[in-house]
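Structural description and commentary
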Amino acid sequence: MISLRPLVPLAVSFAILFGVSFLPSDESWSEIHQAERLTVCAPREMGPLVTRDREKPGFEIELLREAASRMGLTITVTQNAAMNREYNPTNWRISRANCRVIVGGIRDNVWSRSLLELSAPYLLSEWTWVHKGEAAWPPESVAFAPGTFALDRVALAQSLIRNGVDALPMQNVDDLVDAFNQGEISSAITESTIAAAHFDASEFSLSPVPNGPAATGLSFGFWKGDTTLRRQMDATLADLKADGTVAKLAENYGLTVRSQTNGIHYLHRQRG
């Protein structure tokens, strides 16, 4: 008797492909292209990525606006206060009806990718050590304000423990700035784009945390299944990187570009 067992994997593969043929096609790009408008959800304030300044609305907003223009689109931005409170897309109460693109520090990690489709990263950020005057690493203690960016806090904590550094949590970045201004602290750790927005490099020293977690990417977020729209954005972002537009926009927001093998990395501009 001839065994059919060797044919089972082939039959399963055929069944899967046959089933996929009945799924609705991805019309996300054609829908947006026809409407000539890209709807965007963003936090109310997340400088320098998103701001409330109409003349200077933030690096991500200007980058997305330029990308949309090259795609033949305009953008409409809806601000969402929940995005300022926590990095958790499931609690932001947004949907396709509100926006087709999500901005505001969307971290390129496993958690985000389980919920959203992500563009290729256009910015890498990391934990940054901020201090005044001469200082040697490691200090005995640092103030710590993570913001809402989903950088790996566990890996940072492990690194600080290995170096014998005590972390003193601050409620928010504004409290961190006030503590510096009042002379209560002289050393702190926060996310690099937050550091660039709040600390002038002519007065503060800004550098990656020594032996800290690696930098990770920030991306635009798209709804699952909106693959054609995401691919169109990826192609446009690649052009914007290649012709220097991304670097120019970054410089306008106090960020300096350096190339890396895994993308583009934005560091704090050293003013002086």
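Cut-off values and rules
Residues numbered from 1 in each chain as written. Predicted model: local features only at pLDDT ≥ 70, side-chain atom pairs only at ≥ 80, totals over all residues. Heavy atoms only, no water. Helix = DSSP H or I, 4+ residues; strand = E, 2+ residues; numbered from the N terminus. Phe/Tyr/Trp six-rings, centres within 6.5 Å; stacked < 30°, edge-to-face > 60°. Buried < 20%, exposed > 50% of the residue type's maximum accessible area, 1.4 Å probe, protein only. Lys NZ or Arg CZ within 6 Å of the ring centre and 35° of its normal. Disulfide = S-S within 2.5 Å. Pairing = 2+ DSSP bridges. Right-handed = clockwise from strand over helix to strand, strands pointing away.

Let us look at unusual backbone geometry. Cis geometry is found at the peptide bond from glycine 47 to proline 48, where omega equals 5°. Cis peptide bonds are those with omega within 30 degrees of zero, and the linkage from tryptophan 137 to proline 138 qualifies with 5°. With respect to the helices and strands, proline 138 occurs in the loop between β6 (127-131) and β7 (141-145). The phi torsion at glutamate 36 lies on the positive side, around 60°, for a residue other than glycine.

Counted according to the given criterion, the structure contains eight aromatic pairs. Plain terms: the ring middles of tryptophan 129 and tryptophan 137 are 5.0 Å apart, the flat faces sit at 70° to each other, and that makes the pair edge-to-face. Take tryptophan 129: its relative accessible area is 5%, and that puts it in the buried class. Through successive ring pairs, a cluster of aromatic residues spans Phe59, Tyr122 and Phe220. One residue, lysine 56, lies across the ring of tyrosine 253, its end atom 5.1 Å from the ring centre.

Following the criterion strictly, the structure yields one disulfide and no others. Two residues share a disulfide in this structure: cysteine 41 and cysteine 99, whose sulfurs sit 2.4 Å from each other. In this structure the cystine formed by cysteine 41 and cysteine 99 twists about its S-S bond by roughly -100°; its chirality is therefore left-handed. Of the two residues, cysteine 41 sits in strand β1 (residues 37-42) while cysteine 99 sits in the loop between α4 (82-85) and β3 (101-107), which places them 58 residues apart along the sequence.

Every other side chain in a regular strand lies on the same face of the sheet, so the side chains alternate between the two faces. β1 sits mainly inside the fold: five of its six residues count as buried. As defined by bridge partners, β1 adjoins strand β2 (residues 74-79) across six bridges and the pair is classed as parallel. Across the sheet, the residue bridging to leucine 38 is isoleucine 75, located in β2. In this fold, β1 hands off to helix α3 (residues 59-70), which returns the chain to β2; that crossover is right-handed.

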